[in-house]
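Secondary and tertiary structure notes
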Amino acid sequence: MAGANTKNHDYHLVDPSPWPLVGSASATIMATGAVMWMKAMELGGMKLGPLVFGIGTLGVLYTFLAWWMDVVREAEHEGHHTRVVQMHHRYGMLMFIASEVMFFVAWFWAFFDASLFAGEAINYTRKEFTGGVWPPTGIQTFDPWHLPLLNTLILLTSGTTVTWAHHALIHNDRAGLKQALWLTVILGVLFTICQIYEYSHASFAFAGHIYGATFFMATGFHGAHVVIGTIFLAVCLYRVYLGHFKPAQHLGFEFAAWYWHFVDVVWLFLFAAIYVWAAGTPGAH
C-alpha cells in the first residue's frame, strides 16, 4: 500500500516559506524609507530616510535571490516542475508581460494625447506650456536617425542572438548557447551605455514641461527594463555554466527570452515615437 505522503498528482504543493513575509516586510520598509527620504522627514533630529530605504532595498533584493534559488532547486534538483506546473508558470509569465504592456500603453497614451492635441482649446493650460505646437516651443529634440537608430539596431540584433541561444539550447548545443547568450548580454550592456550617453546630451530636462516628462518616463522605464532583462539573461548564462537547462525543460531561460523580446517590441514603438517627437506630429503645428 502506498504511503500517506506519496505524491499521486502533477501539481506542486510548495513547502512553507519565509520569503512572502520577509519580502512584504522589506517592501514596506523600503516604501517608508522612500517617503521619509523624499519628504526630508526627521526622526530624533536625524534624516534617516536614505538609511531606511537602503535597508528595505537590501531586504527586497535578498528576498529575490533566496526565493529564486528555492525555485531553481525545486526545478533542477527536486523535480517539482512537471508539465502541469510549467504550464501554470507560463500562464503567470504571460499575465505579467500583459500587465507590462498596459504599463507602457499608459506612457504612449500620454505622449499621443499631448502631441496630437497640443493646441486644443479645451487643454488651455497645456497650450500655455507647449505653445500650441509639438514638439513644444523651445525644445531641441534628438535626431532619430543617429543614436536612437543605433540603439534600435543594437536591440534588434540582441533579439536575434537570444533566439539563436534558444535554438541552440533546444538542439543541445551548449557551446552555441553560451556564445549567443554572451553576445546578448554584451549588446544589452552596450544599449544601456548608449542610452546613458544620450541622456547626458539631452538639451531638455524631465521637469518643467510635458515633453521631457513623457520622453524620460517612457524611455527611462524602457531602459530600466533593459537593465533588468540583461541581469535576467546574465543569470541564465551563469546557470548554463552550472549545467542547468535541458532541451525539454528550460523555463527560466524561456521566460528571459520572452521578456527580452517584449523589450525589443516596446523599443520599436519608442523609436517610432522618438521620430514623431523629433519631427513633430503632422497637423500639430
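These lines cover the structure that appears in this document, whether it is placed above or below. (Residues numbered from 1 in each chain as written. Predicted model: local features only at pLDDT ≥ 70, side-chain atom pairs only at ≥ 80, totals over all residues. Heavy atoms only, no water.)

1. Thoughts on the overall build of the protein chain
Secondary structure assignment for the protein chain yields eight helices and zero strands. When the helices and strands of the protein chain are placed in sequence order, the string is α-α-α-α-α-α-α-α. A principal-axis box enclosing the C-alpha atoms of the protein chain has dimensions of 80 × 55 × 30 Å. A burial count over the protein chain gives 39% of its 285 residues as buried. Pairs at least 24 residues apart make up 74% of the contacts formed inside the protein chain by residues separated by at least 6 positions. (Helix = DSSP H or I, 4+ residues; strand = E, 2+ residues; numbered from the N terminus. Buried < 20%, exposed > 50% of the residue type's maximum accessible area, 1.4 Å probe, protein only. Contact = heavy atoms within 4.5 Å.)

2. Observations regarding helix α1 (residues 19-38)
Here α1 is 20 residues long and its end C-alpha atoms lie 28 Å apart, about the 28 Å a rise of 1.5 Å per residue gives. Among all positions in α1, only Trp19, Gly23, Ser26, Gly33, Ala34 and Met36 are buried. Down the axis of α1, the buried set is contained in an arc of 165°. They therefore lie on one face. Where α1 is buried, its residues meet α2 (49-76). In the segment just after α1, alanine 40 is the residue with positive phi, at about 55°. (Expected span 1.5 Å × (residues − 1). Arc of directions from axis to C-beta.)

3. Concerning the environment of phenylalanine 245
When you line up the elements, phenylalanine 245 lands in the loop between α7 (210-241) and α8 (251-279). A C-alpha to C-alpha distance of 8.1 Å links phenylalanine 245 and glutamate 76, two positions 169 residues apart in sequence. Those residues in contact with phenylalanine 245 that sit more than four places away from it in its chain are Glu76, Leu169, Arg174, Cys236, Arg239, Val240, His250, Gly252 and Phe253.

4. Quick notes on the packing of aromatic side chains
On inspection of all chains with the given rule, the structure shows 27 aromatic pairs. Taking the centre distance of 4.8 Å and the plane angle of 85° together, the rings of phenylalanine 103 and phenylalanine 221 count as edge-to-face. With phenylalanine 103 in helix α3 (residues 83-116) and phenylalanine 221 in helix α7, this residue pair connects regions lying 118 residues apart in the sequence. We classify phenylalanine 103 as partly exposed; its relative accessible area is 29%. (Phe/Tyr/Trp six-rings, centres within 6.5 Å; stacked < 30°, edge-to-face > 60°.)

5. Some points on a nonpolar patch on the surface
Together, Leu58, Leu61, Phe64, Trp67, Trp68 and Val71 make up a nonpolar patch on the protein surface, roughly 630 Å² of accessible area in all. If you trace the backbone, leucine 61 turns up in helix α2. Judged by its relative accessible area of 49%, leucine 61 is partly exposed. (Patch = residues over 30% accessible without salt bridge, like charges linked within 9 Å, V, L, I, M, F, W, Y side chains within 5 Å. Areas by Shrake-Rupley, 256 points an atom, 1.4 Å probe, with all protein chains shown as cover. Salt bridge = Lys/Arg side-chain N within 4 Å of Asp/Glu carboxyl O.)

6. As for α3
Turn by turn, an α-helix covers 3.6 residues, leaving residues three or four places apart pointing in a common direction. An ideal rise of 1.5 Å per residue puts 50 Å on 34 residues; α3 measures up with 48 Å between its terminal C-alpha atoms. All buried positions along α3 are accounted for by Val84, Val85, Gln86, Met93, Ile97, Glu100, Phe104, Phe108, Phe111, Ala114 and Ser115.

7. Structural notes on unusual backbone geometry
Trans peptide bonds make up the majority, and among non-glycine residues the majority have a negative phi. Residues other than glycine seldom take positive phi values, yet asparagine 172 does so here, at roughly 55°. As for its placement among the helices and strands, asparagine 172 is situated in the loop between α5 (147-170) and α6 (174-200). If you check the backbone angles, phenylalanine 245 has positive phi at about 75° while not being a glycine. By relative accessible area, which is 3% here, phenylalanine 245 ends up buried.

8. Comments concerning the side chain of threonine 63
Take threonine 63: it is sitting in helix α2. Using a relative accessible area of 4% as the deciding quantity, one classes threonine 63 as buried. Those residues within four positions of threonine 63 in sequence are excluded, and the remaining contacts are Trp19, Val22, Gly23 and Ser26.

9. Let's talk about the nonpolar core
By size, the foremost hydrophobic cluster in this structure holds 50 residues, and its most contacted members are Leu177, Leu181, Phe253 and Trp277. Listed by contribution, the elements that provide at least two residues to this core are α3, α5, α6, α7 and α8. If one sorts the elements of this core by residue count, α8 sits on top with 16 residues. In this view, tryptophan 277 contacts Phe111, Trp134, Pro135, Thr141, Tyr211, Thr214, Phe215, Ala218 and Leu270; residues no more than four positions away in its chain are not counted. (Core = buried A, V, L, I, M, F, W, Y, C linked by side-chain atoms within 4.5 Å.)

10. A word on the side chain of serine 26
Structurally, serine 26 is set in helix α1. Once residues lying within four places of it in the same chain are set aside, the contact partners of serine 26 are Gly56, Gly59, Val60 and Thr63.

11. Some points on the pattern of salt bridges
Tallying each qualifying case throughout the model produces five salt bridges. Put simply, arginine 239 and glutamate 76 hold a salt bridge, and the shortest N to O gap is 3.3 Å. Of the two residues, arginine 239 sits in helix α7 while glutamate 76 sits in helix α2, which places them 163 residues apart along the sequence. For arginine 239, a relative accessible area of 13% gives the class buried. Accessibility expressed as a relative area gives 19% for glutamate 76, which makes it buried. One salt bridge connects glutamate 254 with arginine 90, and the closest N-O pair in it is separated by 3.0 Å. Taken together, the residues glutamate 254 in helix α8 and arginine 90 in helix α3 connect sequence positions 164 residues apart. Here the salt bridges share partners, and the residues they tie into one network are Asp70, Arg73 and Glu78.

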